[in-house]
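Chain residues, written in single-letter form:
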Amino acid sequence: MSNQVEQIPGEGGLEKVKLTRASGASCEVYVYGAHVTSWKTFDGVERLYVSSASKFASGQAIRGGIPICWPQFNTRGTYGKHGFCRTTDSWVVRRIVSDPKRDPSVTIELSDCEASKDFPFSFKLTYTVTLSDSGLTTSMHVVNNSDDPMTFTTALHTYFAVSDVTTVKVSGLQGLKFEDSTKGGEVSEQADEQLMIRGEVDRVYLDTPEEMLITDGDTAISVKKSGFPDSVVWNIGEEKAAGMSDLGAGEWRRYLCVEAGAIGTPVVVEPGAAWVAEQRFGASVAVPMSLAELGEPEVGDAERLNKIEAAFKAKGKASLPLEEAYEIMISPEEKGIYGLNDFKEDVKGFEDQMANKEQFTWEEIKVFLETVG
Ligand SMILES: O=P(O)(O)OC[C@H]1O[C@@H](O)[C@H](O)[C@@H](O)[C@@H]1O
């Protein structure tokens, strides 16, 4: 089997996209909320928790996986809790990469819609989920199409599946300040080298390192981020768990949320500019020798860039009009879902990086491909 990307029905009649690699690694993303609900490494182990009592219905948040909190984290602002984007069905699939030489990915997009009517900015939020054999990357790209600077807070609210949350350790937080939501936001500093969960935990750590580690018995999950300054650690704890109607009985033990966020200081995006941030997970699984035989193409992205560079050079020009750049950059299969107008829209978000927006030099093509995909 080679890499596959399927658009299939999910729970509650909602549509989902399933990415599968030749190795067997897979992930599933609901278009509703652009919500990742499953990530299995190639050994078949599910790394994300989704509640057995979760709702899968328009207007209700899925309990588990990776909810996107945007444009507001929690209740820190005037919009609804965790923002509107996890409970809207206005998301659309914009790109799918199933080329066997590249990591499979799906890009889902949200722009001005009914759910955003109280958000005073015109925006485009593009979310890309990319699967490797033992890792998963999810990246956010927010373009401000308004005339005023846009502000927001955000988090990728990942629920990691754990064997028993009371035995898990989280490293990377020693010496950091955190706001303790279980104590009305009181600020403390973590003395312990590793955080252990001894009951309800609900903390916003400020200015966290790029990498944290969750250790669960023999398994370690590395949680890396860039562009997100802060991190949240949350588990409801036994006492309050029964009060959550969409959490399966006893399942508070089965998850730990470690969230990458921009919370302490709101993000400001200037008119016409873009903000990008991503998180990358890796699981410590031993790579079997046979994986090499499966032909996993580690160099897929480099190969693709080389091909596009050769096509660019063959044109013999210093820069190409956007139409010609689109022709050589986007593969025939992707063109079906990602049209020239979509491409032009995305280019608009590159005000800062691009010298002009009518023509693309090779350098600009490279920046675009490395950022948008
Ligand atoms: O129940 P919700 O809206 O999904 O929120 C779950 C939790 O999300 C966490 O990010 C917050 O820190 C918690 O305070 C909150 O309870």
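Computed from a prediction, not measured in an experiment: that's the story for all the values here. Along each chain, the written sequence defines residue order, and numbers are assigned to residues from 1. Totals for whole chains, interfaces and linings use all residues, but because this is a predicted model, local features are given only for residues with pLDDT of at least 70 and pairs of side-chain atoms are given and counted only at 80 or more. Computation of side-chain values covers all heavy atoms of the structure but excludes hydrogens and water.

### So, the overall build of the protein chain
Consideration 1: The secondary structure listing takes helices from DSSP runs of H or I that are at least 4 residues long and strands from runs of E that are at least 2 residues long, numbered from the N terminus. Across its full length, the protein chain carries 7 helices and 23 strands.
Consideration 2: The globule rule used here is 2.2 Å times the number of residues to the 0.38 power, and the radius of gyration it is set against is calculated over C-alpha atoms. Relative to the 2.2 N^0.38 estimate, which gives 21 Å for 373 residues, the radius of gyration of the protein chain is 21 Å and therefore close to what a compact globule would have.
Consideration 3: Along the first, second and third principal axes, the C-alpha set of the protein chain runs to 65 × 55 × 45 Å.
Consideration 4: When each of the 373 residues of the protein chain is scored for burial, the buried share is 52%.
Consideration 5: Once local pairs closer than 6 in sequence are excluded, the contacts in the protein chain between residues at least 24 apart make up 63%.
Consideration 6: Of the roughly 15900 Å² of accessible surface on the protein chain, a fraction of 48% belongs to carbon and sulfur atoms.
Consideration 7: Taking the average place of the 37 positive charges on the side chains of the protein chain and the average place of its 58 negative ones, the gap between the two points comes to 1 Å. Whether a residue is buried, partly exposed or exposed follows from its accessible area with a 1.4 Å probe, protein chains only, as a fraction of its type maximum: under 20%, in between, or over 50%, in that order. We call two residues in contact whenever any of their non-hydrogen atoms come within 4.5 Å of each other. Computed with the Shrake-Rupley method and a 1.4 Å probe, the accessible areas treat only the protein chains shown as cover for residues. Under the convention used here, Asp and Glu are negative, Lys and Arg are positive, and both His and the chain ends fall outside the count. Throughout, a charge is located at the NZ atom of Lys, the CZ atom of Arg, the CG atom of Asp or the CD atom of Glu.

### Some details on the pairing of strand β14 (residues 186-189)
The side chains of a regular strand alternate between both faces of the sheet.
Consideration 1: A pair of strands counts as paired when DSSP detects no fewer than two bridges linking them. Pairing of strand β13 (residues 177-180) with β14 involves 4 bridges; the strand directions are antiparallel. The residue bridging Asp180 from the neighbouring strand is Glu186, located in β14.

### Some points on the sheet that holds strand β1 (residues 4-9)
Consideration 1: Spatially, β1-β2-β3-β4 is the arrangement adopted by the 4 strands of the open sheet, whose pairing is antiparallel. Edge strands, defined here as strands with exactly one partner in the open sheet, are β1 and β4 (35-40). With strand direction ignored, the average angle separating the axes of adjacent strands in the sheet is 15°.
Consideration 2: Where strand β2 (residues 15-20) meets strand β3 (residues 26-30), 5 bridges bridge the pair, whose relative direction is antiparallel. Looking across to β3, one finds that Leu19 is bridged to Cys27. Angles run from 0 to 180 degrees between N-to-C directions of axes, and those axes are lines fitted to C-alpha atoms, restricted for helices to the stretch in contact.

### Side note on the environment of Phe56
Consideration 1: Relative to the elements of secondary structure, Phe56 occurs in the loop between β4 and β5 (68-69).
Consideration 2: The spatial distance from the C-alpha of Phe56 to the C-alpha of Gly12 is 5.2 Å, given a sequence separation of 44 residues.
Consideration 3: If sequence neighbours within four positions are ignored, Phe56 has contacts with Glu11, Gly12, Leu14, Tyr30, Thr37, Val50 and Ile62.

### What about the pattern of salt bridges?
Consideration 1: By convention in these notes, a salt bridge is any Lys or Arg side-chain nitrogen within 4 Å of a carboxyl oxygen on Asp or Glu. Tallied over the entire structure, the rule returns 19 salt bridges.
Consideration 2: With a shortest N-O distance of 4.0 Å, Glu28 and Lys18 are connected by a salt bridge. Separated by 10 residues along the polypeptide, Glu28 in strand β3 and Lys18 in strand β2 bring together distant segments of the chain.
Consideration 3: With relative accessibility at 24%, the residue Lys18 sits in the partly exposed group.
Consideration 4: Ionic pairing is found between Lys315 and Glu324, a salt bridge with its closest N-O pair at 3.7 Å.
Consideration 5: Note on Lys315: relative accessible area 35%, which makes it partly exposed.

### Observations regarding the side chain of Thr208
Consideration 1: By the element assignment, Thr208 lies in the loop between β16 (201-205) and β17 (211-216).
Consideration 2: For Thr208, a relative accessible area of 9% puts it in the buried group.
Consideration 3: A polar side-chain atom of Thr208 sits 2.9 Å from a polar atom in the side chain of Lys225.
Consideration 4: Setting aside its immediate chain neighbours within four residues, Thr208 contacts Leu173, Leu176, Lys225, Pro229, Asp230 and Ser231. Here a polar contact is taken to be a pair of N or O atoms separated by no more than 3.5 Å, where protein atoms must pair a possible hydrogen donor with a possible acceptor and residues adjacent in sequence count only if both atoms sit in side chains.

### Some words on the site of the ligand
Consideration 1: Being near a molecule or strand, for a residue, comes down to having at least one heavy atom within 4 Å of it. Looking at the ligand, the residues that line it are Arg63, Phe73, Asn74, Lys81, His82, Arg86, His157, Asp202, Val232, Trp234 and Glu259.
Consideration 2: Here an oxygen atom of the ligand sits 3.2 Å away from a polar atom, N or O, in the side chain of Lys81.
Consideration 3: Coverage of the ligand by the protein amounts to 87% of the 390 Å² it exposes when considered alone.
Consideration 4: For the shell around the ligand, the per-class residue count stands at 3 nonpolar, 3 polar and 5 charged. The nonpolar class holds Ala, Val, Leu, Ile, Met, Phe, Trp, Tyr, Cys and Pro. Asp, Glu, Lys and Arg form the charged class, and all remaining residues, Gly among them, are polar.

### Section: the nonpolar core
Consideration 1: Nine residue types can take part in a nonpolar core, namely buried Ala, Val, Leu, Ile, Met, Phe, Trp, Tyr and Cys, and a core is a set of them joined through side-chain atoms within 4.5 Å. Residues Trp70, Trp91 and Tyr127 are the most contacted members of the largest nonpolar core, which totals 82 residues.
Consideration 2: Tallying contributions element by element places strand β20 (residues 255-269) first for this core, with 9 residues.
Consideration 3: Not counting the four nearest positions on each side in its chain, Tyr127 is found in contact with Ala34, Val36, Ile66, Ile68, Trp91, Val106, Thr107, Ile108, Thr138, Ser139, Met140 and Leu156.
Consideration 4: In this structure, Leu320, Leu322, Tyr326 and Phe360 belong to the second largest nonpolar core, which totals 19 residues.

### Section: the environment of Ser58
Consideration 1: Along the chain, the position of Ser58 falls in the loop between β4 and β5.
Consideration 2: Spatially, the C-alpha atom of Ser58 lies 26 Å from that of Val232, the residues being 174 residues apart in sequence.
Consideration 3: Not counting chain neighbours up to four residues away, the residues in contact with Ser58 comprise Tyr32 and Asp89.
Consideration 4: There is a polar contact of 2.5 Å between the side chain of Ser58 and the side chain of Asp89.

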